[in-house]
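# Breakdown of the fold
The residues making up each chain are set out below.
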Amino acid sequence: MTAETHVAVALDGHGWHPEAWRHAGDSQPVTSGRYWTGLVQTAERGFLDFVTFDDSLSPQRRRRPDVHPRWLAGRPDAVLVAARVAPVTRDIGLIPVATTTHTEPFHVSKAIATLDHITRGRAGWQVRISSSRHEAELFGRRDPEDLGDLFAEAGDHVEVVRRLWDSWEDDAVLRDTATGRYLDRDKLHYIDFHGPFFSVKGPSITPRPPQGQPVVAALAHNPRVYEFAARSADLVFITPSGDGSVSTLRAEVAQAGGGHLLVYADLYVTFAGVVDERSDAEVFAGSPAELAEKILHWHDLGLDGIRLRPAVHATDLPVLVDEVIPLLQRANRFRTGYRSGETLRRRLGLPVARNRHAVERIS
């Protein structure tokens, strides 16, 4: 039997072209909850694995401090957007970006844990660092000339978050009205993390997420980031430039210690010729049938999945859902429905996340 393909969509602003707003017609503004719920409900109609919500500490998707007058400027918080969308979706995974630099792991841990509770096990977290001077100056707590090893810091950040997720055992909450015990205090744990960047005692204020460990993802362009992903993530997004580089990049991820990672390739997609030559991902500008063929081909080259970046959400996302996905389904290579109650970890084939404290007690 031929393996089933996995497809996800990355959402950012009005689309991945910086001037997508000019092509979005009468689309709602990006600060509208209705706008985001409409997009994600469309993606869910196509039974996609998950959507990611992009974010940064800059108003535009660029590293320079000045604001380009023709590009969409301003963005809502990705984690809060995911929380807004959660109650009006049932099955699709929700993975917001949250930046580790200038951000406390305590806040990230409880935000993603809360999202996982709200979605009943459909949450994830895409990790991002911030290396820009102007972004450091937004906070004023660090010397923008000496940000240090941001990947080492990000690694500790993820480790603290993961330990906080485990600081409550799954059955810590008793709610035993007969005895009047709400909580088993022996199943709450101090994490007592001490490192060069963080010293965190714990436990979390939020009970353990339904997945135990929500899916952690990272976008990577080079071996340094592959190494970070290998230590800290479950899933890595890569950016091939042509079929030949798919196997090469996958091998580089494995050489960096990431042989266990799920690997999704990013692909910029336009069906109306709205091309962004500055895209870090390969640009696809063909027909729905050609895109379906490319997705199948890349999957057969050894990728675990494809994450599509629509150039203009309002026009390209419906084509993906209503024309491309049915072609994959007719080829018996894509699901025709979600499995009831399925967590995001299970959908992606990740192992059950055992609580480290429960495992230690049993052993």
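Residues numbered from 1 in each chain as written. Predicted model: local features only at pLDDT ≥ 70, side-chain atom pairs only at ≥ 80, totals over all residues. Heavy atoms only, no water.

Within the largest apolar cluster, 69 residues are counted, with the highest numbers of intra-cluster contacts made by Trp36, Val51, Phe53, Leu94, Trp125, Leu291 and Leu308. For this core, the leading source of residues is helix 9 (residues 313-330), giving six residues. If near-sequence neighbours (up to four positions away) are discounted, Leu308 is found in contact with Val7, Ala8, Val9, Ala10, Leu267, Val269, Leu291, Ile295 and Leu320. (Core = buried A, V, L, I, M, F, W, Y, C linked by side-chain atoms within 4.5 Å. Buried < 20%, exposed > 50% of the residue type's maximum accessible area, 1.4 Å probe, protein only. Helix = DSSP H or I, 4+ residues; strand = E, 2+ residues; numbered from the N terminus. Contact = heavy atoms within 4.5 Å.)

Turning next to the packing of helix 6 (residues 223-232) against helix 7 (residues 243-258). It is at 8 Å that the axes of helix 6 and helix 7 come closest, and there the two elements cross at 55 degrees. For the element pair helix 6 / helix 7, the angle class is oblique. Here helix 6 and helix 7 pass one another in a crossing that is right-handed. Every residue of helix 7 that contacts helix 6 at Pro223, Tyr226, Glu227 and Ala230 is listed here: Leu249, Glu252, Val253, Ala256, Gly257 and Gly258. Split by residue class, the contact of helix 6 with helix 7 holds six nonpolar, two polar and two charged. (Axes fitted to C-alpha atoms, helices over the stretch in contact; angles between N-to-C directions. Parallel < 35°, antiparallel > 145°, perpendicular 65-115°, else oblique. Left-handed = near helix turned anticlockwise from the far one by under 90°. Nonpolar A, V, L, I, M, F, W, Y, C, P; charged D, E, K, R; others polar.)

Bringing the pattern of salt bridges into the picture now. According to the stated counting rule, one finds 29 salt bridges in the structure shown. Where Arg133 meets Glu137, a salt bridge forms, and the shortest distance between an N and an O atom there is 2.9 Å. Taken together, the residues span about one helical turn, with Arg133 and Glu137 both in helix 4 (residues 133-139) at a distance of four residues. Judged by its relative accessible area of 40%, Arg133 is partly exposed. Here Arg307 ties to Asp266 by a salt bridge, and the two come within 2.7 Å at their closest N and O atoms. Taken together, the positions of Arg307 in strand 13 (residues 305-310) and Asp266 in strand 11 (residues 262-269) put the pair 41 residues apart, joining distant regions of the chain. A residue is classified by how much of its surface remains accessible, and Arg307, at 2% relative accessible area, is buried. (Salt bridge = Lys/Arg side-chain N within 4 Å of Asp/Glu carboxyl O.)

This brings us to the packing of helix 5 (residues 150-165) against helix 6. In the contact formed by helix 5 and helix 6, the axes pass within 10 Å of each other and the chain directions differ by 15 degrees. When the axis of helix 5 is compared with that of helix 6, the two are roughly parallel. When the axes of helix 5 and helix 6 are compared, the crossing they make is right-handed. Facing helix 5, whose interface residues are Phe151, Ala152, Ala154, Gly155, Val158 and Arg162, helix 6 presents Arg224, Val225, Phe228, Arg231 and Ser232. Classifying every residue of the contact of helix 5 with helix 6 gives six nonpolar, two polar and three charged.

Glancing now at the side chain of Asp166. Turning to its location among the elements, Asp166 is positioned in the loop between helix 5 and strand 5 (173-176). Here the side chain of Asp166 touches Gln213 through a polar contact of 3.3 Å, side chain to side chain. Contact partners of Asp166, with chain neighbours within four places excluded, come to Arg208, Gly212, Gln213, Arg354, Asn355, Arg356 and His357. (Polar contact = N/O pair within 3.5 Å; in protein donor to acceptor, adjacent residues only side chain to side chain.)

As a further point, take unusual backbone geometry. At the junction of Gly202 and Pro203, the peptide bond is cis and its omega measures out at -5 degrees in the coordinates. In this structure, Pro203 sits in the loop between strand 8 (199-200) and strand 9 (215-219). Although it is not a glycine, Arg175 adopts a positive phi angle of roughly 50 degrees. Along the chain, the position of Arg175 falls in strand 5. A relative accessible area of 63% means that Arg175 is categorised as exposed.

This part takes up the environment of Ala272. Looking at the element boundaries, Ala272 is found in the loop between strand 11 and strand 12 (282-284). Here the alpha-carbon distance between Ala272 and Ser27, two residues 245 residues apart in the chain, equals 17 Å.

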